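Here is what each chain is made of, one letter per residue.
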Amino acid sequence: MDAAIPKPPNARIAVVTGGNKGIGIEVCRQLAGAGITVVLTARDEKRGTSAAEKLREAGLSGLDILVNNAAIGAVEYVHDPADGSLTSEEKFSGMDRQQRLEWMFNAVRETYDAAREGVQINYYGTKHVIEALLPLLQASSDGRIVNVSSDAGLLRHIRNEELKRELNDIDNLTEERLDEVLDTFLKDFKAGELEARRWPIVISAYKMAKVILNAYSRMLARRHPELRVNCVHPGYVDTDMTMHSGPLTPEEGAANVVKVALLPEGGPTGAYFALGQEAPFV
């Protein structure tokens, strides 16, 4: 794990989860380049232990920014039948975005164990990090949370219209109801009833975890108006999670995240940004 960058007097501090590779490490690099003191964390046990030590050493009484980037695809990756000697650029040359997505979907397998793990990491892991660091963020004069989401988490992917309306009714939604939705989804997944129950089908667990993360982020923004809480779709990025099929570089994806992390004081909260631009959650 990279050490935290030395803290100058009165510096802003950012904690980046999933910061050891891909989009995460580029977010760390770009935030540091903007003069932010960065604490890099990772899910790997050794890196995570080191990261926790750096959190303690950093004295996070001045924490300003939390970038929740850690995520997994909630699928099992199967063998790629294509020529392994080809670079990503050669393999996907001439493919548009939809063709690349279809290639990736054909190269993965959705299993119950992967779905359950994906929900735990993509939603509950993010939520637990927020809960742990929330007091420090509230102590900041300009605390902000940036949850790295996806266009896969938009409400258009919910085929049950009643559930879609419920998840969009932030004034009446509760965390307990979010838990119930995910529990029901996983039960139906295990029973092989996703189609019958009108859940998302392709990369279904990833979609549901991101839909629920978006809803939770909007609820958090309303509950804590003193903070800036936003969701970001960084784009379809060339990372391990996409099997390097994404057309955007990690630097480009990270720039879309950093742009939201560094919005001017008093900027939007409870919003969704796609490729750096504010957009609707639907």
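Cut-offs applied
Residues numbered from 1 in each chain as written. Predicted model: local features only at pLDDT ≥ 70, side-chain atom pairs only at ≥ 80, totals over all residues. Heavy atoms only, no water. Helix = DSSP H or I, 4+ residues; strand = E, 2+ residues; numbered from the N terminus. Contact = heavy atoms within 4.5 Å. 1 Å grid on protein atoms, 1.4 Å probe; cavity = no way out; pocket = protein on both sides within 12 Å on 5 of 7 lines; lining within 4 Å. Points joined across faces, edges and corners; volume = space filled by probe spheres on them. Nonpolar A, V, L, I, M, F, W, Y, C, P; charged D, E, K, R; others polar. Pairing = 2+ DSSP bridges. Axes fitted to C-alpha atoms, helices over the stretch in contact; angles between N-to-C directions. Phe/Tyr/Trp six-rings, centres within 6.5 Å; stacked < 30°, edge-to-face > 60°. Buried < 20%, exposed > 50% of the residue type's maximum accessible area, 1.4 Å probe, protein only. Lys NZ or Arg CZ within 6 Å of the ring centre and 35° of its normal. Right-handed = clockwise from strand over helix to strand, strands pointing away.

(A) Here's a closer look at the environment of serine 204. The residue serine 204 is located in helix H8 (residues 204–223) in this model. C-alpha of serine 204 to C-alpha of alanine 115: the two residues are 89 residues apart in sequence and 8.0 Å apart in space. With near-sequence residues (within four places) excluded, serine 204 lies in contact with Glu110, Phe185, Phe189 and Leu194.

(B) Focus on empty space enclosed by the protein. The final tally for this structure, using the stated rule, is two cavities of 30 Å³ or more. By volume, the largest cavity is sized at about 60 Å³. Around the largest cavity, the lining residues are Gly153, Leu154, Leu155, Leu167, Val211, Asn214, Ala215, Arg218 and Phe281. For the lining of the largest cavity, the element with the most residues is H8, which contributes four residues. For the lining of the largest cavity, a count of residues per class yields six nonpolar, two polar and one charged. Put simply, the second largest cavity is a space of about 40 Å³. Looking at the lining of the second largest cavity, the elements with two or more residues in it are strand S6 (144–148) and strand S7 (228–233). The dominant element in the lining of the second largest cavity, judged by the number of residues it contributes, is S6, at three residues. Partitioned by chemical class, the residues of the lining of the second largest cavity number six nonpolar, two polar and two charged.

(C) Looking closely at the sheet that holds strand S9 (residues 277–279). Spatially, S2-S1-S3-S6-S7-S8-S9 is the arrangement adopted by the seven strands of the open sheet, whose pairing is mixed. The two strands at the open ends of the sheet, each matched to only one other strand, are strand S2 (37–40) and S9. Going across the sheet, the axis of each strand differs from the next one's by a mean of 25 degrees, ignoring polarity. When strand S3 (residues 63–68) meets S6, the two strands line up parallel, connected through four bridges. For asparagine 68, the partnering residue across the bridge sits in S6 and is asparagine 147. Against the sheet, helix H5 (residues 112–138) touches strand S1 (13–16), S3 and S6, its axis set at about 175 degrees to S3.

(D) Molecular detail of the packing of aromatic side chains. Inspection of the entire model under this criterion finds six aromatic pairs. Where tyrosine 112 meets phenylalanine 189, the ring centres are 6.4 Å apart and the plane angle is 45 degrees; that geometry is what we call tilted. Placement of the pair is tyrosine 112 in helix H5 and phenylalanine 189 in helix H7 (residues 175–190), with a sequence separation of 77 residues. With a relative accessible area of 22%, tyrosine 112 lands in the partly exposed category. Looking at phenylalanine 189, the relative accessible area reads 11%, which means it is buried. Put simply, the rings of Tyr112, Phe185, Phe189 and Trp199 touch in pairs and so form one group of aromatic residues. Its end group placed over the ring of phenylalanine 281, arginine 218 keeps NZ or CZ at 4.5 Å from the ring centre.

(E) Structural context of the pairing of S1. Alternating residues of S1 divide into Ile13 and Val15 and Ala14 and Val16, and every residue in both groups is buried. Note: S1 against S2, four bridges, orientation parallel. Across the sheet, residue valine 15 finds its bridge partner in S2, namely valine 39. With respect to chirality, the unit in which S1 leads through helix H1 (residues 22–33) into the neighbouring parallel S2 is right-handed. By the bridge criterion, four bridges tie S1 to S3 in an arrangement that is parallel. Pairing of valine 15 across the sheet is with leucine 66, part of S3.

Remember that the coordinates give geometry; whether it matters functionally is a separate question.
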